[in-house]
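Examining the three-dimensional arrangement
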Amino acid sequence: MDQTRCNTFSLGIFSWSTLEPEEGRFEFAWLDAIMDRLAARNYYAFLATPSGGKPRWMSEKYPEVRRINRAGQREPHAGRHNHCFTSPVFRDKVRIINTKLAERYKGHKALAGWHISNEFSGSCFCPYCLAAFRAWLRTRYASLDALNRSWGSAFRDWDAVLPLTTEAARREGRYAPWADHRTYMEVSFGRAYQTVRDGVLEGDPDGRIALSGTQVTNPWNGCDWHRLDGVIDDFLSYSGGNQWDIHRSFAKPDARIGFWTGYGRSGAAVKHEVWTAALQGVLHPQLFWSPSIVNPDMTFSRSGRDLGEAFKALRFEGIGRLLREAERPAEGVAVNYSRPSVQAA
């Protein structure tokens, strides 16, 4: 790792089953050992909260934590990020594991910060989410009659209100019941990530909160970055969908914006990727993943060698130093960021 000039690593992204193999029984010795080895080499870790991969015992004992999809089916345990953000059980279990992690590792020499989950997206139609959706609608519409006029519906009481799926909205030509639900799921995601953040800060009040694997904004995935950037401190982002511009516009003033690269790519293209990010003020590249950088015999792959050249120039040569020390001036140009426009498109 000294040769790659990597000094910070992501740990524990989907490790909940290892951290808490049984409800209430926590196993941290393996993570202690990794953190201590990193500290001994003056390396650092972005320590992940594990909410993206709930353990099987939770799915079996508390089936309510699994999402209900748009077809009305409870999703199986398999797969990540198929939990319900509104479930009281899930939110409580997230708070407990996050607080325990934060209490244990706050102040650790190797701790660079926290990143909460990874690559989130989706929606849920469970009773908890629908009840919360209806409560939110009451704050948006003066009355049930007003909602019915907007939606083209004929609900007689609030408890009967249901959103439309994408397919139903297209078939019926009624988009308000779909768009309101999509907007509410973005609100729900923001609340959920605030809960995750609060759990970490309960144990580590000075912790910095990052989000990894940020998705391109679209109508279905809940990624309203104007809303989420107010909750998150730093970003280990992807590059698509003008995310760097969006985060630079909405993120907190001291936010660090990084991006994922590697994936076995090599040659001029991967070097161009690193420098394109740097020229946009994104100066914290992250590598995915070690087998694409280092061969089985512990020599560098072509991808590792090419990235090493780019990182060396970025960290130690003149243009890299200039970019790291430069301050981006305000462009004086604004582009309207409109979630309803994204949904309508």
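Throughout what follows, the structure given in this document is the object of discussion. Predicted, not measured: the structure shown is a model, and the values here were computed from it.

Cut-offs and rules
- Residues numbered from 1 in each chain as written.
- Predicted model: local features only at pLDDT ≥ 70, side-chain atom pairs only at ≥ 80, totals over all residues.
- Heavy atoms only, no water.
- Helix = DSSP H or I, 4+ residues; strand = E, 2+ residues; numbered from the N terminus.
- Rg over C-alpha atoms; globule rule 2.2 N^0.38 Å.
- Buried < 20%, exposed > 50% of the residue type's maximum accessible area, 1.4 Å probe, protein only.
- Contact = heavy atoms within 4.5 Å.
- Areas by Shrake-Rupley, 256 points an atom, 1.4 Å probe, with all protein chains shown as cover.
- Lys, Arg positive; Asp, Glu negative; His and termini not counted.
- Charge placed at Lys NZ, Arg CZ, Asp CG, Glu CD.
- Pairing = 2+ DSSP bridges.
- Axes fitted to C-alpha atoms, helices over the stretch in contact; angles between N-to-C directions.
- Core = buried A, V, L, I, M, F, W, Y, C linked by side-chain atoms within 4.5 Å.
- Polar contact = N/O pair within 3.5 Å; in protein donor to acceptor, adjacent residues only side chain to side chain.
- Parallel < 35°, antiparallel > 145°, perpendicular 65-115°, else oblique.
- Nonpolar A, V, L, I, M, F, W, Y, C, P; charged D, E, K, R; others polar.
- Right-handed = clockwise from strand over helix to strand, strands pointing away.
- Salt bridge = Lys/Arg side-chain N within 4 Å of Asp/Glu carboxyl O.
- Expected span 1.5 Å × (residues − 1).

Let's shift gears to the overall build of the protein. Broken down by element type, the protein carries 15 helices and seven strands. Whereas a compact globule of 345 residues would reach a radius of gyration of roughly 20 Å, the protein reaches 22 Å, a difference of no more than 12%. Buried residues in the protein amount to 49% of all 345 residues. The contacts in the protein between residues at least 6 apart in sequence include a share of 69% that link residues at least 24 apart. For the protein, the accessible surface area stands at approximately 16,900 Å², while carbon and sulfur atoms represent 52% of it. Here the protein contributes 45 positively and 38 negatively charged side chains, and the mean placements of these two sets differ by 3 Å.

In this section: the sheet that holds strand β5 (residues 234-237). Here we have seven strands laid out as an open sheet, ordered β1-β2-β3-β4-β5-β6-β7, and parallel in their pairing. The sheet is open, and its two edges are formed by β1 (8-11) and β7 (284-288), each paired on a single side. Strand-to-strand twist in this sheet, taken as the mean axis angle between neighbours without regard to direction, amounts to 30°. As paired strands, β1 and strand β2 (residues 44-49) are joined by four bridges and run parallel to one another. Across the sheet, residue Leu11 finds its bridge partner in β2, namely Leu47.

Take the nonpolar core next. Membership of the largest hydrophobic core comes to 62 residues, with the highest contact counts inside it found for Met35, Trp114 and Leu137. If one sorts the elements of this core by residue count, helix α8 (residues 176-203) sits on top with eight residues. Trp244, Ile257, Ala310 and Leu314 belong to the second-largest nonpolar core, a separate cluster that totals 15 residues.

Let us now look at the environment of Ser150. Tracing the chain through its elements places Ser150 in helix α6 (residues 144-151). Sequence spacing of Ser150 and Pro177 is 27 residues, and the spatial spacing of their C-alpha atoms is 8.6 Å. Sequence-distant contacts of Ser150, that is, excluding residues within four places in its chain, are made with Tyr141 and Ala176. Here the side chain of Ser150 touches Tyr141 through a polar contact of 3.4 Å, side chain to side chain.

Next up on the list: the packing of helix α13 (residues 302-316) against helix α14 (residues 318-325). The geometry of α13 relative to α14 is characterised by a closest axis approach of 5 Å and an angle of 60° between their N-to-C directions. Considered as vectors, α13 and α14 are oriented oblique to each other. Counting all contacts with α13, which are made through Ala313, Leu314, Arg315 and Phe316, the residues of α14 involved are Gly318, Gly320, Arg321 and Arg324. Of the residues assigned to the contact of α13 with α14, the class counts are three nonpolar, two polar and three charged.

Here Ala269 is to be found in helix α11 (residues 268-279). Residues Ala269 and Asp306 lie 37 residues apart in sequence; the distance between their C-alpha atoms is 9.8 Å.

As defined by bridge partners, strand β6 (residues 257-262) adjoins β7 across five bridges and the pair is classed as parallel. In the strand pairing of β7, Thr261 is matched with Leu287. Since β6 and β7 lie parallel, the crossover through α11 that links them has a hand, and here it is right-handed.

Moving on, we come to the pattern of salt bridges. In total, this model carries 20 salt bridges according to the counting rule given. Here Arg104 makes a salt bridge to Asp32, at a shortest N to O gap of 2.7 Å. Of this pair, Arg104 sits in helix α4 (residues 88-105) while Asp32 sits in helix α2 (residues 29-40), and the two are 72 residues apart along the sequence. Among the residues examined, Arg104 registers a relative accessible area of 44% and is labelled partly exposed.

Under the 1.5 Å per step criterion, the end-to-end length of α13 is 21 Å for 15 residues, consistent within 8% with the ideal 21 Å. When we look at burial in α13, the residues that qualify are Ser303, Gly304, Asp306, Leu307, Ala310, Phe311, Ala313 and Leu314. Structurally, α13 contributes buried residues whose contacts are with β6, α11, β7, α12 (290-293) and α14.

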